Amino acid sequence: MNRYNNIPVSMGTKLLNRISTFSFILLLLCLTLLGACSTSRPYTLQPVKTFDPDNKDIPLPGESEERFRWETLYLSTFYQLEKPLDLGRSFRALGHWAGVNGPDEADNVNMLDEVPGSSWYSRRHYFEPMDAAALTRGPLTDARPDTTRPITVIRGKSEGVTPGFTIRDARDNTYIIKLDRADFSELMSSSEVIATNIYYAAGYYVPQNSITYLDPRQLTIAEDATVTRGDETRQLTEADLREIINKTYRREDGKIRVLASKYVNGRPLGPWNFKGTRKDDPNDRIPHEDRREVRGLGVLASWLNDTDRRSGNTMAVYVEEGDRSYIRHFLLDMGSTLGTVGTTLRHTKRGQEYRYDPRYMGLLYASLGLYVKPWARPEAKDRPFYPSVGYFESQIFSPAGWVPSYPNPAFEKITSRDGFWGAKMVMAFSDEDIRSIVEAGDLSDPEAEAYLVQTLKERRNKIGRYWFGRVNPLDKLESRLSEGKLVLTFADLGVEGELFEGNQTEYAYTATREDRRWTENGRTSRPVIELDTRLGDIDIARGGQEGPPVLKVEIHTLRGGEKHPDRKTTVYVALEEGESGARVVGIRREG
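Parameters at a glance
- Residues numbered from 1 in each chain as written.
- Predicted model: local features only at pLDDT ≥ 70, side-chain atom pairs only at ≥ 80, totals over all residues.
- Heavy atoms only, no water.
- Axes fitted to C-alpha atoms, helices over the stretch in contact; angles between N-to-C directions.
- Helix = DSSP H or I, 4+ residues; strand = E, 2+ residues; numbered from the N terminus.
- Parallel < 35°, antiparallel > 145°, perpendicular 65-115°, else oblique.
- Left-handed = near helix turned anticlockwise from the far one by under 90°.
- Contact = heavy atoms within 4.5 Å.
- Nonpolar A, V, L, I, M, F, W, Y, C, P; charged D, E, K, R; others polar.
- Core = buried A, V, L, I, M, F, W, Y, C linked by side-chain atoms within 4.5 Å.
- Buried < 20%, exposed > 50% of the residue type's maximum accessible area, 1.4 Å probe, protein only.
- pLDDT = per-residue confidence, 0-100.
- Phe/Tyr/Trp six-rings, centres within 6.5 Å; stacked < 30°, edge-to-face > 60°.
- Lys NZ or Arg CZ within 6 Å of the ring centre and 35° of its normal.
- Pairing = 2+ DSSP bridges.
- Expected span 1.5 Å × (residues − 1).
- Arc of directions from axis to C-beta.
- Salt bridge = Lys/Arg side-chain N within 4 Å of Asp/Glu carboxyl O.
- Polar contact = N/O pair within 3.5 Å; in protein donor to acceptor, adjacent residues only side chain to side chain.

Trainee: Explanation requested: the packing of helix H5 (residues 187-202) against helix H7 (residues 292-304) in the structure shown.
Mentor: When two helices pack together, their arrangement is given by the angle between their axes and by how far apart the axes lie. Interhelical geometry of H5 versus H7 gives an angle of 150° and a closest axis separation of 11 Å. Considered as vectors, H5 and H7 are oriented roughly antiparallel to each other. At the point where H5 passes H7, the crossing takes the right-handed sense. In this structure, H5 uses Ala195, Ile198, Tyr199 and Ala202 to contact H7, whose residues at the interface are Leu297, Leu300, Ala301, Trp303 and Leu304. When grouped by side-chain class, the residues that make up the contact of H5 with H7 number nine nonpolar, no polar and no charged.

Structural data, given as structure tokens:
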């Protein structure tokens, strides 16, 4: 006989309710403690970290190989099954849903919510705007292949997505040569150079890619040159080289247009992964999927429709710098961007769904095949077509819905703050900047060039509107003391990018000093906040044992009188002795 059978129903119900309530409270308590453990003071009185010293000298690591079939199978199936079984990830997501803790933010940002420079990333165009010539030049520091003297072919590649060969010029520089298809004579080469220059300007490490024109009569085959066909590697012959060259377009002068990708300086070690760390690199301390510049890369990839951004198109390179050797992380193979996949036209579904996407499979089955995917609708094909641009559109493009061909662990973990960071990199490219970069693609059709520029502008603006609608888009915050007032200036990236009207924008703020009963509220129509520090009896010399006085300024952006977005940016300013008298020491963004 069950010993609980004699308990009255009402008593049993109360007991169950108490147990349920206790369990829920216990769960929230655990989540609260979990969130509390990850909190710290939201500012620093030390110099703000602008460089991550992950370039310390290390021994030569081992080499790795791309495992395309296993990688795509794992990310499309096993990795998706692992995620709900990851209890830490699941509990954090539950805590975020319950409002107990925030999302799983990137681990490598500094107190200003910014990415320090590192072996992964270098501050460029957003922080120090590049002029038109620099944007067109991109990463080129060396000259293009020397076409004035004989060129030696040292390796051939007649198969694969992009046929080509490897050359060594008279200056002893080595280049991988990729060829456009004859019927799309500028498609791949222009896309690769344009995407390369954008990634470089955004701060990533990329190879020196350029468009050049070779005369096949200049090419001589090295005695030890080889070509691979299937599983067979054999000596490269004149017939093999002619077969490769005949696949591309020849100009009237006999020259061929090629994409020349210079070998990077250093020793290639194979691809780096978008998940985890490299075990034989002591500098590699942060899981790659938790680096903001790797997560934010997904926003730039969505802009360029870089659907093949996977580990196989990256390279870890062991570089020498002075008396140190370390690993630098490169992005490679930008030939499947914009409107191309290799040398062929991009399918309209690229960027709209994964290659194997259970979401759309379920919709198709549930609707008995009646559901029409967005990329299959008539409006998706309502656009001009240019052979040198391929399929690249902005009408059905959705920053929220864009995906690469295969799941990417870093892109899947992107938060609103990560997305804001990526979006501000994208929005840093003005209309004129985009024109300068597209010029590097050397497109012969002015209408095609104009269409590509316009499409990049429209996709850029969609990205800005989406991500700047999830995080208050205030950045570039600076402070100073002037005539007894604290002057805090900032940039409204939404107004600067012409996404919102400046004359319909205001900024509401609340300034406090936590160790004193002092608060000041106000509004301003300009991106400038002035606070009379004398009203709060704030004296730099009386900062106390804890350090100089620190003011907390919470800012909301109002568009048309309404908060847009309903997210605040909190700025911490230290009043210090020095030239400016004040310094921004912390930034926190709601997302």
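Trainee: Whenever I open this one, the nonpolar core confuses me. Can you help?
Mentor: A general feature of soluble globular proteins is that nonpolar side chains tend to end up buried together. Residues Tyr199, Trp303, Leu452 and Leu456 are the most contacted members of the largest nonpolar core, which totals 59 residues. Secondary structure elements with two or more residues in this core: helix H4 (132-137), H5, H7, helix H9 (409-412), helix H10 (416-427), helix H11 (431-439) and helix H12 (446-467). Residues contacting Leu452, with those up to four places away along its chain left out, are Ile194, Leu338, Val389, Phe392, Val438 and Leu443.

Trainee: I tried to follow the packing of H7 against H10 on my own but got confused; where do I start?
Mentor: Look at H7 against H10: their axes get within 8 Å of each other, and the N-to-C directions meet at 55°. What the angle tells us is that H7 and H10 run oblique. You can see that H7 and H10 cross each other, and the crossing is right-handed. Across the interface between the two elements, Arg292, Glu293, Arg295, Gly296, Val299, Leu300 and Trp303 from H7 touch Arg417, Asp418, Gly419, Trp421, Gly422, Ala423, Met425 and Val426 from H10. Of the residues belonging to the contact of H7 with H10, the class tally is seven nonpolar, three polar and five charged.

Trainee: It is not clear to me how the confidence of the model for the chain should be interpreted in this structure. Could you clarify?
Mentor: Interpretation of the predicted coordinates at a detailed level should be avoided for regions scoring low in pLDDT. Chain-level statistics for the chain give a pLDDT mean of 87 and a share of 87% at 70 or above. Contacts for the low-pLDDT stretch residues 1-19, under 50 throughout, to residues beyond four places or in other chains number two contacts. Taken as a whole, residues 31-39 scores under 50 in pLDDT and shows seven contacts with residues more than four places along the chain or in a different chain.

Trainee: Would you explain the packing of aromatic side chains in this entry?
Mentor: How two aromatic rings sit relative to each other is set out by the distance from centre to centre and by the angle between their planes. As enumerated under the stated definition, the model contains 15 aromatic pairs in all. Consider the rings of Tyr121 and Tyr204, whose centres lie 6.2 Å apart with planes at 70°: the pair is edge-to-face. Of this pair, Tyr121 sits in the loop between helix H3 (87-97) and H4 while Tyr204 is found in the loop between H5 and strand E4 (209-214), placing the two residues 83 residues apart along the sequence. An angle of 85° between the planes, with centres 5.1 Å apart, marks the rings of Phe490 and Tyr507 as edge-to-face. One end of the pair, Phe490, is in strand E14 (residues 485-492); the other, Tyr507, is in strand E15 (residues 505-513), and 17 residues separate them in sequence. The class of Phe490 is buried, set by a relative accessible area of 6%. Among the aromatic residues, those joined into a cluster by ring pairs are Trp120, Trp272, Phe274 and Phe411. Positioned above the aromatic ring of Tyr205 is the side chain of Arg328, whose terminal nitrogen or guanidinium carbon lies 4.9 Å from the ring centre.

Trainee: It is not clear to me how the sheet that holds strand E17 (residues 528-532) should be interpreted in this structure. Could you clarify?
Mentor: Sheets are built from strands that pair by backbone hydrogen bonding, the pairs being arranged parallel or antiparallel. Overall, antiparallel pairing links the three strands, which are arranged E13-E14-E17 in an open sheet. Sheet topology places strand E13 (474-482) and E17 at the edges, where each strand pairs with a single neighbour. Neighbour-to-neighbour, the strand axes of the sheet open up by a mean angle of 15°, direction not taken into account. Looking at chain direction, E13 and E14 are connected through seven bridges and run antiparallel. By the bridge assignment for E14, Arg480 is matched with Val487.

Trainee: How should I be thinking about the environment of Arg123 in this particular structure?
Mentor: Among the structural elements, Arg123 can be located in the loop between H3 and H4. What makes Arg123 partly exposed here is its relative accessible area of 30%. Considered as a pair, Arg123 and Ala202 are 79 residues apart in the sequence and their alpha carbons are 7.6 Å apart. Residues in contact with Arg123, not counting those within four places in the same chain, are Thr50, Asn110, Glu114, Val115 and Pro116.

Trainee: What's the story with H7 in this structure? I'm lost.
Mentor: Helical periodicity: at 3.6 residues per turn, an α-helix aligns residues three or four positions apart in one direction. Between its first and last C-alpha atoms H7 spans 19 Å; for 13 residues at 1.5 Å apiece the expected length is 18 Å, and the two agree. Of the residues flanking the end of H7, it is Asn305, one or two places downstream, whose phi is positive at about 55°.

Trainee: What should I look at first to understand helix H6 (residues 238-245) in this one?
Mentor: Every buried residue belonging to H6 is among Asp240, Leu241, Ile244 and Ile245, and all of these are buried. Seen from one end, H6 has its buried residues packed into an arc of 130°, which puts them on one side. Considering only its buried residues, H6 is in contact with strand E1 (151-157), strand E2 (164-168), strand E3 (174-179), strand E5 (219-229), strand E6 (232-235) and strand E7 (256-262).

Trainee: Quick question: what am I supposed to make of the pattern of salt bridges here?
Mentor: One side chain can pair with another of opposite charge once the charged atoms of both are near each other. Throughout the structure, instances matching the rule amount to 44 salt bridges. The residue Asp290 makes a salt bridge to Lys413 at a minimum N-O spacing of 2.7 Å. A residue pair is termed long-range when its members are at least 10 positions apart, and Asp290 in the loop between strand E8 (267-268) and H7 and Lys413 in the loop between H9 and H10 qualify at 123 residues. In this pair, the class of Asp290 matches that of Lys413, namely buried. Measuring nitrogen to oxygen at the nearest pair gives 3.2 Å for the salt bridge that ties Arg328 to Glu321. The class of Glu321 is partly exposed, set by a relative accessible area of 30%.

Trainee: What is the right way to look at the side chain of Ser394 in this model?
Mentor: By the element assignment, Ser394 lies in the loop between helix H8 (358-366) and H9. For Ser394, a relative accessible area of 6% gives the class buried. There is a polar contact of 2.3 Å between the side chain of Ser394 and the side chain of Glu458. When sequence neighbours within four positions are dropped, the list of residues in contact with Ser394 reads Thr455, Glu458, Arg459 and Lys462.

Trainee: Can you walk me through the sheet that holds E2 in this structure?
Mentor: Spatially, seven strands are ordered E4-E7-E3-E2-E1-E5-E6 in an open sheet, and the strand pairing comes out mixed. If you trace the sheet from one side to the other, it starts and ends with E4 and E6, each paired once. Direction aside, neighbouring strands of the sheet carry axes that sit 25° apart on average. Pairing between E2 and E3: five bridges, direction antiparallel. Pairing of Arg168 across the sheet is with Thr174, part of E3. Where H5 meets the sheet, its contacts fall on E3, E4 and E7, and the angle it forms with E4 comes to roughly 150°. Packed on one face of the sheet, H6 meets E1, E2, E3, E5, E6 and E7 and runs near 75° to E5.

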